[in-house]
Amino acid sequence: MLSLLEKRRYRAVWSDPARKLRTLESFAETEADGGHDLEVAARRVQDGDLREHLLRHARDERRHADMFLEAAERHRQRTGLGARGADEADRAYDLSRGRKDEVDAHGFFKAGLIDELGEVSYIAMVHVAEQKAAKIFALHRSLVDDDPELAAAFDQILKDEKYHCAYTEKFLDKWRGVGREKEVNAGLKSARSSRFIGAWRRLGLRSGSRFSQFMLFVMYWTVLLPFGALARLGKPKPAVRELSQSNARERLSSQY
Amino acid sequence: MRILGISAFHRDSAAALIVDGQVVAAAQEEHFTRLARDSAFPTRAIRFVLGEAGVEAPELDQVVFYEKPLKKFERVLVSNLRAFPRSSTSFAKGLFVWLGDRIWIKDRIASDLGVPADKILFAEHLPAIGACAMGTSPFEEAAVLVVDDAGEWSTTLLARADAQGLESLVEVRYPHSLGLLASAVTQFLGFAPGEDEEKVEALSAHGSPRFADAIRAWIRDEGCLFALDEGAFRFNFESSRLWGDGFEAAFGPPRFAGEPLRYQDSDRRDADLAASLQVVLEERTLALAAELYRRAPSRNLCFAGSLAKNRRLLGRLMAEGPFERVHVSVVPGKAGGAVGAALLAEEAGVLSRRVCESGFVGESLLGQAEPGAQWLEGDPDGVAEVSRRLVDGERVAWMQGAIELGGLSGQGRVVLADARPPEACGALLRAVQHVEPFLPCRLIVPREEAERFVELPEGSDAALARGQLRVAAKQSLVDAAPSSVMADGTTWVQVVDEHSAPRLHAVVRAFGAATGTPLLLCTDFKLRGAPIVRSESEGLDAYMRSTLDSLIAGPRLYRREAIPKK
């Protein structure tokens, strides 16, 4: 049921050119962050085998980021949409994506988090994130048949995700086998609950942002209508203004 | 004093850390997120600059944001009201962003960084960009010209700077903006406004300015400066279409992205429009420089803002402007605002010192080899290997030292090729996935040979060393490296010497010794749509996705066939 709802939401994403661009860029950003974080983690771990896996994983994530960026660029060329940031008014999603809370790599962890979590919990979290990512990307893949290059990119990514799930699982099993089962289970449990809380928060932000924009639209046609009419009647400010002011330190404390 | 400067929410978000009047680290958010021109709050860049200097956020003396948020909010609100009722959609979207996030930037900085609110300051947008130009210049005093798209209200600023600081003299206010005029034409031609103005500049080389009078008619003299005819543009209420109906009446239908570009043979409408815009921007900027010289007579000019990226305009400003010496900001755009904002909070006198000579203040190569690396024995910088491979006709990606700030890599992350073959430029750009056939490559020439090939404007050494100018090509260049010369007879040139770019200079010298032609073509090491590569592993990924022949990163060589397959 949940996946049907998700599929419906994702279909709306891919059929709207602007949302498609934002989604591709947001995927690219998440993958790039993931690569950065995994690179940091690879420098911290003692096990040489795990380090090799993490480095390879980091490279995969960056490659995925580039694939999404290329897809975004192709889409931009086809549609003429500007890149993020070119258009000040269209960046409401910056907030709705909850950037303030730094939904970083893989949707929920921050770069360098291995220092905070420790090796076992970190790998548990990567494992849970990769499992979830594989499911989400498979859903997306099923909806982009009309874009063969993007479909091929998803296919490649899904293949990589299998490897990411497999090597993290291998290490979790290895740690279980040496008496660290409790640690592994606690890590998995904590990762799953973080995902749930994160998803709930994102849902809240998304609905909140839609409602706020609707209210602002209503306000525009009611409360602001007389002010708008007055503003149009008023004389515009002159284009050129003489200043003669120093940009001294004292003036820096004001936000105006 | 440890001062963190931050720019965000427009384009090229960045963070810069200044310790005792020197820039110790600076980075753009795009270096880490891999989203070109990323405008998000630069969390990752801040993390990097603090880490680079070993400073914890609570130890900062000041944090300076490069803009006055309430002043900008006022501009957004008033502009939307004045455009009533056409601004209904942009009002809801814009106000949502402002009320939900931007206006609380002080709280956000305080909570994210854990610094007390009284340590958080706010510079003004254009003065911050101008201060960056002054701080990176060799001048003790100078006139400062900033021509940008838009700051809070100001779009153009005439100022002067010396040991006492920066004094603003006169400004042109939104929506009267040469930067936005350029963006409107860029969008009309099917490119991304605010990003692809450089492509429009390159396109202008193929056209003649037959529409210049139509554009001039939308700009009137206002006092000693200028004002736009507001009816010709739609900046105030529709960012997805910045140009008004008059554009179609004057130039015909707009070009949409993906449609063929009209710049060749008998139909050159798009190139002609680009050339017309170029002429008008040059005329207006030269007039601004003349007015600034009248108000702030000085031998020196510091130039910054979005128009300071226009290489042909810079060439004319240096050749025809009233100032003897012109310094173009090392980071002319929004990212420079992070450096400039921090400088404005520094003690008096800092602007008359040079705080940063180059943009080399980002993350360095870590010295960690990627799988498949071959170590270059006795060649720590890769100079000999790069030269040898270029002589063999290879196209080589070369990474060395730190990533530079400002969206242009002068030498740290570049792709090089032999300049002599007639199709060299197109082939090099295609190798890194750039598809517009009219885009130029940068010509690298050693200082001691430069006058043989190009006309060098007086007082432009620093700008030439950073590759910021387009100058007239001599016949010897047309003969030796035809693909480096643009259709209007100019070339985008970087003149290197053993001080400004010792390793690149050594490479082009060695190439010249072996081939008799000391000329190389160069472009930034980035794939289409992505920012310049940062780390060695990113470089390796980009190399594998390109059709370049080899990658040299510090003392390591990568060849496609030696990279292990998964």
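What you see is a predicted model; the values in this text were computed from it and never measured.

## Comments concerning the domain arrangement of chain B
One frequent convention defines the size of an interface as the accessible area lost when the parts assemble. All names here are of chain B. As assigned here, chain B comprises domain 1 (2-136 + 332-351), domain 2 (178-326) and domain 3 (374-562). Put simply, the middle of domain 2 and the middle of domain 3, counted by C-alpha atoms, are 28 Å apart. At the interface, 19 residues of domain 2 touch 19 residues of domain 3. Together domain 2 and domain 3 conceal approximately 1,500 Å² of surface at their shared face, both sides included; 64% is due to carbon and sulfur atoms. Among the residues domain 2 hides against domain 3, the three largest losses belong to Ala205, Arg311 and Met318. Together they make up 38% of the total.

## Quick look at the UniProt feature "domain: Carbamoyltransferase" (unreviewed entry) in chain B
The feature "domain: Carbamoyltransferase" (unreviewed entry), as given by UniProt, occupies residues 2-343 of chain B in the numbering adopted here. Along residues 2-343 of chain B, the helical share is 40% and the strand share 20%, with 11 Å between the first and last C-alpha atoms.

## Some thoughts on the UniProt feature "domain: Carbamoyltransferase C-terminal" (unreviewed entry) in chain B
In the UniProt entry, the feature "domain: Carbamoyltransferase C-terminal" (unreviewed entry) is given for residues 388-559 of chain B. Between the C-alpha atoms that bound residues 388-559 of chain B there is a distance of 15 Å. The span itself is 31% helix and 23% strand.

## Description of the sheet that holds strand β2 (residues 14-19) of chain B
Residues and elements named next belong to chain B. Pairing in this open sheet of five strands is mixed, and the strands run β3-β2-β1-β4-β5 from one edge to the other. Of all the strands in the sheet, just β3 (22-28) and β5 (120-122) have a single pairing partner and so form its edges. Neighbour-to-neighbour, the strand axes of the sheet open up by a mean angle of 20°, direction not taken into account. Two strands pair when backbone bridges link them, and strand β1 (residues 2-7) and β2 are joined in this way by six bridges, in the antiparallel orientation. Bridged to Gly5 within β2 is Ala16. Sheet strands in contact with helix α13 (residues 336-345) are β1, β2, β3, β4 (62-65) and β5, and its direction is about 140° off that of β1.

## Re the packing of aromatic side chains
Counting across every chain of the model gives 33 aromatic pairs over all chains. Measuring from ring centre to ring centre gives 5.6 Å for Trp221 of chain A and Phe84 of chain B, while their planes differ by 55°; the resulting arrangement is tilted. Of this pair, Trp221 of chain A sits in helix α8 (residues 181-221) while Phe84 of chain B is found in the loop between α3 (69-82) and α4 (88-100), placing the two residues in two different chains. Residue classification places Trp221 of chain A among the partly exposed residues on the basis of a relative accessible area of 37%. The class for Phe84 of chain B is buried, based on a relative accessible area of 7%.

## Some remarks on helix α20 (residues 536-545) of chain B
Taken across its ten residues, α20 of chain B has eight buried, putting it largely inside the fold. Listing the buried residues of α20 of chain B in full gives Glu536, Ser537, Glu538, Gly539, Leu540, Asp541, Ala542 and Tyr543 of chain B. On its buried side, α20 of chain B packs onto α2 (17-44) and α3 (48-79) of chain A together with α1 (30-33), β14 (396-399), β20 (550-553) and β21 (556-559) of chain B.

## Describing a nonpolar patch on the surface
Residues and elements named next belong to chain A. On the surface, a nonpolar cluster with roughly 530 Å² of combined accessible area is contributed by Met219, Val223, Phe227, Leu230 and Leu233. Per-element tally for the nonpolar patch: the top contributor is helix α9 (residues 224-233), with three residues. Structurally, Met219 is set in helix α8. By relative accessible area, Met219 is classed as partly exposed at 33%.

## Let's talk about the UniProt feature "transmembrane region" (unreviewed entry) in chain A
Mapped onto this structure's residue numbering, the UniProt feature "transmembrane region" (unreviewed entry) falls at residues 211-231 of chain A. Along residues 211-231 of chain A one finds 90% helix and 0% strand; the C-alpha atoms at either end are 27 Å apart.

## Examining the pattern of salt bridges
Within the structure shown, the criterion is met by 65 salt bridges over all chains. A salt bridge links Glu283 of chain B to Arg216 of chain B, with the shortest nitrogen-to-oxygen separation between them at 2.5 Å. Pair noted here: Glu283 of chain B is in helix α11 (residues 269-295) and Arg216 of chain B is in helix α9 (residues 212-216), with a separation of 67 residues, a long-range link. Residue Glu283 of chain B is classed as partly exposed on the basis of its relative accessible area of 31%. Linking Arg389 of chain B and Glu394 of chain B is a salt bridge whose minimum nitrogen-to-oxygen distance equals 3.0 Å. Put simply, Glu25, Glu73 and Arg76 of chain A together with Asp196, Lys199, Glu436 and Arg528 of chain B are held in one network by salt bridges that share partners.

## Quick look at the environment of Phe91 of chain B
Relative to the helices and strands, Phe91 of chain B resides in helix α4. Expressed as a C-alpha distance, the spacing of Phe91 of chain B and Leu469 of chain B, which sit 378 residues apart in the sequence, is 40 Å. Apart from the residues within four sequence positions on either side, Phe91 of chain B is in contact with Leu216, Tyr220 and Leu224 of chain A together with Leu77, Asn80 and Phe96 of chain B.

## Considering the nonpolar core
Residues and elements named next belong to chain B. Grouped together as the largest cluster of nonpolar side chains are 108 residues, with contacts concentrated most on Phe303 and Phe525. Per-element tally for this core: the top contributor is α11, with ten residues. Here this core gathers at least three residues from each of two domains, domain 2 (178-326) and domain 3 (374-562). Every residue in contact with Phe303, bar those within four places of it in the chain, is listed here: Ala133, Leu145, Val147, Thr285, Ala308, Leu313, Leu314, Leu317, His327, Val328 and Ser329. Leu4, Ala123, Leu166 and Leu343 belong to the second-largest nonpolar core, a separate cluster that totals 69 residues.

## Thoughts on the environment of Ala128 of chain B
With respect to the helices, strands and loops of the structure, Ala128 of chain B is situated in helix α6 (residues 125-135). Between the C-alpha atom of Ala128 of chain B and that of Val146 of chain B, which follows or precedes it by 18 residues, the distance is 9.8 Å.

## Points about the side chain of Arg76 of chain A
Residue and element names in this part refer to chain A. Inspection of the secondary structure assignment puts Arg76 in helix α3. By relative accessible area, which is 10% here, Arg76 ends up buried. At 2.5 Å, the side chain of Arg76 and the side chain of Glu25 are in polar contact.

## Focus: the interface of chain A and chain B
Each partner contributes residues to the interface: chain A has 77 residues there, and chain B has 99 residues. Both sides of the chain A and chain B interface together cover about 7,900 Å² of buried area, and 51% of this is carbon and sulfur. Inspection of the region where chain A meets chain B yields seven salt bridges. Here Arg241 of chain A makes a salt bridge to Glu171 of chain B, at a shortest N to O gap of 3.0 Å. Where chain A meets chain B, there are 16 residue pairs in polar contact (both at pLDDT 80 or more). Elements with a contribution of two residues or more to the side of chain A that touches chain B: α2, α3, α4 (92-96), α8, α9 and β1 (240-246) of chain A. Broken down by element, the residue count for the side of chain A that touches chain B peaks at 14 residues, all from α3 of chain A. When its residues are assigned to classes, the side of chain A that touches chain B shows 26 nonpolar, 18 polar and 33 charged.

## Notes on the pairing of β14 of chain B
Residue and element names in this part refer to chain B. Of the two faces of β14, the one holding Val396 and Trp398 and the one holding Ala397 and Met399 are both buried throughout. Sheet topology places β14 next to β20; four bridges connect them, and they run parallel. Bridging across to β20, Val396 finds its partner in Ser550.

The rules we used
Residues numbered from 1 in each chain as written. Chains lettered and ligands numbered in written order. Predicted model: local features only at pLDDT ≥ 70, side-chain atom pairs only at ≥ 80, totals over all residues. Heavy atoms only, no water. Domains from an automatic or database assignment. Contact = heavy atoms within 4.5 Å. Buried area = accessible area lost by both parts, 1.4 Å probe. UniProt positions renumbered as here; feature names shortened; annotations may be inferred. Helix = DSSP H or I, 4+ residues; strand = E, 2+ residues; numbered from the N terminus. Pairing = 2+ DSSP bridges. Axes fitted to C-alpha atoms, helices over the stretch in contact; angles between N-to-C directions. Phe/Tyr/Trp six-rings, centres within 6.5 Å; stacked < 30°, edge-to-face > 60°. Buried < 20%, exposed > 50% of the residue type's maximum accessible area, 1.4 Å probe, protein only. Patch = residues over 30% accessible without salt bridge, like charges linked within 9 Å, V, L, I, M, F, W, Y side chains within 5 Å. Areas by Shrake-Rupley, 256 points an atom, 1.4 Å probe, with all protein chains shown as cover. Salt bridge = Lys/Arg side-chain N within 4 Å of Asp/Glu carboxyl O. Core = buried A, V, L, I, M, F, W, Y, C linked by side-chain atoms within 4.5 Å. Polar contact = N/O pair within 3.5 Å; in protein donor to acceptor, adjacent residues only side chain to side chain. Nonpolar A, V, L, I, M, F, W, Y, C, P; charged D, E, K, R; others polar.

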